[in-house]
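As a plain string of letters, each chain reads:
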Amino acid sequence: MQTTLQGREHSLSPVGILWLKLAVLYLIVGVVLGIAMGASEDFTLRPVHAHVNLLGWATMAVAGLVYSVFPWAASSRLATLHFWLTNLALPVMTISLTLLLVGKRAVIPVLAVSEIVATLGLVCFALNIFLNLKKG
Ligand code: HEM
């Protein structure tokens, strides 16, 4: 998609837009959980709320903005790996952390694997920024 920003041709990355749309879904889940915790005065799931908001909303929204500003970085292999590792790991991590906090310790191996996969996704993001972020 092409648009003009202050007289300059700017290419909007569909990947960046997709990241932003997914991020805002996490924001809704995160704030609904925050309201539910406040209303029930049960803060057991506080770490889930924090991770959904900070990894799901904030970190993914920043990725969406980075890929929108630097669309050529969004088409790299590292960007594809970043996308799939993050978006497969985060839902599993959210659900398994929730289960752990309500006492289901059997999910610890699943949680550990999802955390490692999420970290690998962020490593791909970091490498992509170092290797592919340059002036277009
Ligand atoms: C309407 C929106 C939100 C509501 C109703 C809400 C509600 C809450 C509540 C009730 C707590 C627990 C406070 C306590 O234990 O004393 C909390 C903690 C927290 N919230 Fe939110 N929150 C909202 C949005 C956000 C957003 C957007 C972020 C981050 C981008 C965020 C990050 C955190 C963090 C980091 C904690 C601390 C977690 C911990 O101590 O383990 N919250 N929030």
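Just so we're clear, the structure is a prediction, and the values are computed from it rather than from any experiment.

Turning our attention to the coordination of the iron atom of the ligand. In this structure, the iron atom of the ligand receives exactly one donor atom from the protein: His49 (NE2), at 1.9 Å. Summarising the element assignment, His49 is placed in helix α2 (residues 46-69).

Below, the discussion takes up helix α1 (residues 14-40). Residue pairs spaced three or four apart in an α-helix point in one direction, given the helix's 3.6 residues per turn. Its 27 residues place the ends of α1 39 Å apart at the C-alpha level, agreeing with the 39 Å of an ideal helix rising 1.5 Å per residue. Structurally, the start of α1 carries an N-cap: the backbone nitrogen of Val15 is 3.0 Å from a side-chain oxygen of Ser13. Residue Glu41 follows α1 closely and has a positive phi angle near 55 degrees.

Below, the discussion takes up the packing of aromatic side chains. A full pass over the atoms with the stated rule returns five aromatic pairs. With a centroid separation of 5.4 Å and an interplanar angle of 85 degrees, the aromatic rings of Trp19 and Phe83 are classed as edge-to-face. Taken together, the residues span a long stretch of sequence, with Trp19 in helix α1 and Phe83 in helix α4 (residues 77-101) at a distance of 64 residues. On the basis of an interplanar angle of 65 degrees and a centroid distance of 5.9 Å, the ring pair of Tyr67 and Phe125 is categorised as edge-to-face. You can see Tyr67 sitting in helix α2 and its partner Phe125 sitting in helix α5 (residues 108-132), a full 58 residues away along the chain. In this pair, the class of Tyr67 matches that of Phe125, namely buried.

A few words on the site of the ligand. Taken together, the residues surrounding the ligand are Val31, Gly34, Ile35, Met37, Phe43, Arg46, His49, Ala50, Asn53 and Leu54. Contact between the ligand and His49: a nitrogen atom at 2.7 Å from a side-chain N or O atom of the residue. Asn53 places a polar side-chain atom, nitrogen or oxygen, 3.3 Å from a nitrogen atom of the ligand. For the shell around the ligand, the class distribution of residues is six nonpolar, three polar and one charged.

Let us now look at the packing of α2 against α5. At a closest axis distance of 12 Å, the pairing of α2 and α5 adopts a crossing angle of 25 degrees. Between α2 and α5, the angle is such that the two are roughly parallel. Handedness of the α2/α5 crossing: left-handed. On α5, the residues that touch Leu55, Thr59, Ala63, Val66 and Tyr67 of α2 are Leu122, Phe125 and Asn128. Residue composition of the contact of α2 with α5, grouped by class: six nonpolar, two polar and no charged.

It is worth spelling out α4 at this point. Taking 1.5 Å as the rise per residue, α4 with 25 residues should run 36 Å; its terminal C-alpha atoms sit 35 Å apart, in good agreement. Listing the buried residues of α4 in full gives Leu78, Ala79, His82, Phe83, Thr86, Asn87, Ala89, Leu90, Met93, Thr94, Ser96 and Leu97. Considering only its buried residues, α4 is in contact with α1, α2, α3 (71-74) and α5. Looking one or two residues past α4, Gly103 carries a phi angle of roughly 105 degrees, positive in sign.

Rules used throughout
- Residues numbered from 1 in each chain as written.
- Predicted model: local features only at pLDDT ≥ 70, side-chain atom pairs only at ≥ 80, totals over all residues.
- Heavy atoms only, no water.
- Donors = N, O, S within 2.8 Å, 3.2 Å for Na, K, Ca; no water.
- Helix = DSSP H or I, 4+ residues; strand = E, 2+ residues; numbered from the N terminus.
- Expected span 1.5 Å × (residues − 1).
- Polar contact = N/O pair within 3.5 Å; in protein donor to acceptor, adjacent residues only side chain to side chain.
- Phe/Tyr/Trp six-rings, centres within 6.5 Å; stacked < 30°, edge-to-face > 60°.
- Buried < 20%, exposed > 50% of the residue type's maximum accessible area, 1.4 Å probe, protein only.
- Near = heavy atom within 4 Å.
- Nonpolar A, V, L, I, M, F, W, Y, C, P; charged D, E, K, R; others polar.
- Axes fitted to C-alpha atoms, helices over the stretch in contact; angles between N-to-C directions.
- Parallel < 35°, antiparallel > 145°, perpendicular 65-115°, else oblique.
- Left-handed = near helix turned anticlockwise from the far one by under 90°.
- Contact = heavy atoms within 4.5 Å.

Honestly, that's just the spatial picture; any functional story needs more than this.
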